[in-house]
Amino acid sequence: MLRAVTFDLWQTLILDTPKGLRRARADRVGGFQQVLSSHGISVEVAAVDRAYDAAGARREEVFWSSRRDVGSRRQVRFMLESLGVDGAVPPEGPLMDELDAAYCLPILSALPVPNAGALEVLRALSSRGLVLGLICNTGRTPGKMLRLILDRLALAPYLRVLTFSDEVGLRKPHPEIFHRPLSALGVAPGEAAHVGDDVTTDVAGAQGVGMRAIHLCHPTGVSQASDGAEAIPNLHALPGALLPTAD
């Protein structure tokens, strides 16, 4: 019996926009450079821009080598190391706090948008007595910011448990990042389904712990091929897939 549904976040419940991505990057890079400059650490914006890419590459290297995640403050240190100014910034204190804010806050001025049908589907599944949760691999944007975004997009009230990889320290498809929210929701893996756009992290991860996996296969998703997994073309199709008697 299906009792719970968990969702991936990016490209499943919410979508980036090209304009938002450009603005967030520019604001992060510019803000980072300004904070360093205000503390007497001179770096060129172009160098910060390169460090931004280098930090992203190092974050991905950690993930693929260990299935672990790093939070925003570790990514800030990656940027400082790439810039060659790591020794000038203490691990903790006001300067690190300012740099972390410069790295995290721009997303609030470049909000993603809800995927088509996200709010309606969450409302419909919740009204049918299913408990809902989120299992998100974070990137530049940590869980503390994503909670604010979910609230601003009116999606948060329907999600009983929010699980973010930067807070857990592990990324999908690691089994533990699935087990934790299921435990919090009070359901067994066989009583839950997971919906996401990536067959490697979402589908394989969910199936690996005994959950039903549904691949959201759509043009902006990570994986275009479902590799034999149960698939839907959009979120509007989810209630019918989960609850065949739904209208």
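The following paragraphs examine the structure supplied in this document. Bear in mind that the values here come from a model prediction, so they are computed numbers and not experimental data.

## Examining the packing of aromatic side chains
Remark: the centre distance and the inter-plane angle together describe each pair of aromatic rings, the angle taken between the planes. Per the counting criterion, the structure on display carries two aromatic pairs. Taken together, a centroid distance of 6.3 Å and an interplanar angle of 55° make the contact between Tyr-52 and Tyr-103 tilted. With Tyr-52 in helix 2 (residues 45-66) and Tyr-103 in helix 4 (residues 94-104), this pair connects stretches of sequence that are 51 residues apart. Comparing Tyr-52 with Tyr-103, the two get one shared label, buried. Between Phe-63 and Trp-64, the aromatic rings sit 4.4 Å apart at their centres with planes inclined by 50°, giving tilted as the arrangement. Just above the ring of Tyr-103 sits the side chain of Arg-28; from NZ or CZ to the centre is 5.8 Å.

## Comments concerning the packing of helix 3 (residues 72-83) against helix 4
For the pair helix 3 and helix 4, interaxial distance at closest approach is 9 Å and the crossing angle is 100°. Taken together, the axes of helix 3 and helix 4 are roughly perpendicular relative to one another. Contacts between helix 3 and helix 4 pair Ser-72, Arg-73, Gln-75, Val-76, Arg-77, Met-79 and Leu-80 from the former with Met-96, Asp-97, Leu-99, Asp-100, Tyr-103 and Cys-104 from the latter. Here the contact of helix 3 with helix 4 is composed, by residue class, of seven nonpolar, two polar and four charged.

## Let's talk about the nonpolar core
Formed by 35 residues in total, the largest nonpolar core has its most connected members in Phe-7, Leu-9, Leu-13, Leu-125, Leu-134 and Leu-238. Of all the secondary-structure elements, those providing two or more residues to this core are strand 1 (4-7), helix 5 (118-127), strand 4 (131-136), helix 6 (143-152), strand 6 (192-196), strand 7 (212-216) and helix 10 (238-242). Residues Ile-41, Met-79, Met-96 and Leu-99 belong to the second largest nonpolar core, which totals 24 residues.

What counts, and where the lines are drawn
Residues numbered from 1 in each chain as written. Predicted model: local features only at pLDDT ≥ 70, side-chain atom pairs only at ≥ 80, totals over all residues. Heavy atoms only, no water. Phe/Tyr/Trp six-rings, centres within 6.5 Å; stacked < 30°, edge-to-face > 60°. Helix = DSSP H or I, 4+ residues; strand = E, 2+ residues; numbered from the N terminus. Buried < 20%, exposed > 50% of the residue type's maximum accessible area, 1.4 Å probe, protein only. Lys NZ or Arg CZ within 6 Å of the ring centre and 35° of its normal. Axes fitted to C-alpha atoms, helices over the stretch in contact; angles between N-to-C directions. Parallel < 35°, antiparallel > 145°, perpendicular 65-115°, else oblique. Contact = heavy atoms within 4.5 Å. Nonpolar A, V, L, I, M, F, W, Y, C, P; charged D, E, K, R; others polar. Core = buried A, V, L, I, M, F, W, Y, C linked by side-chain atoms within 4.5 Å.

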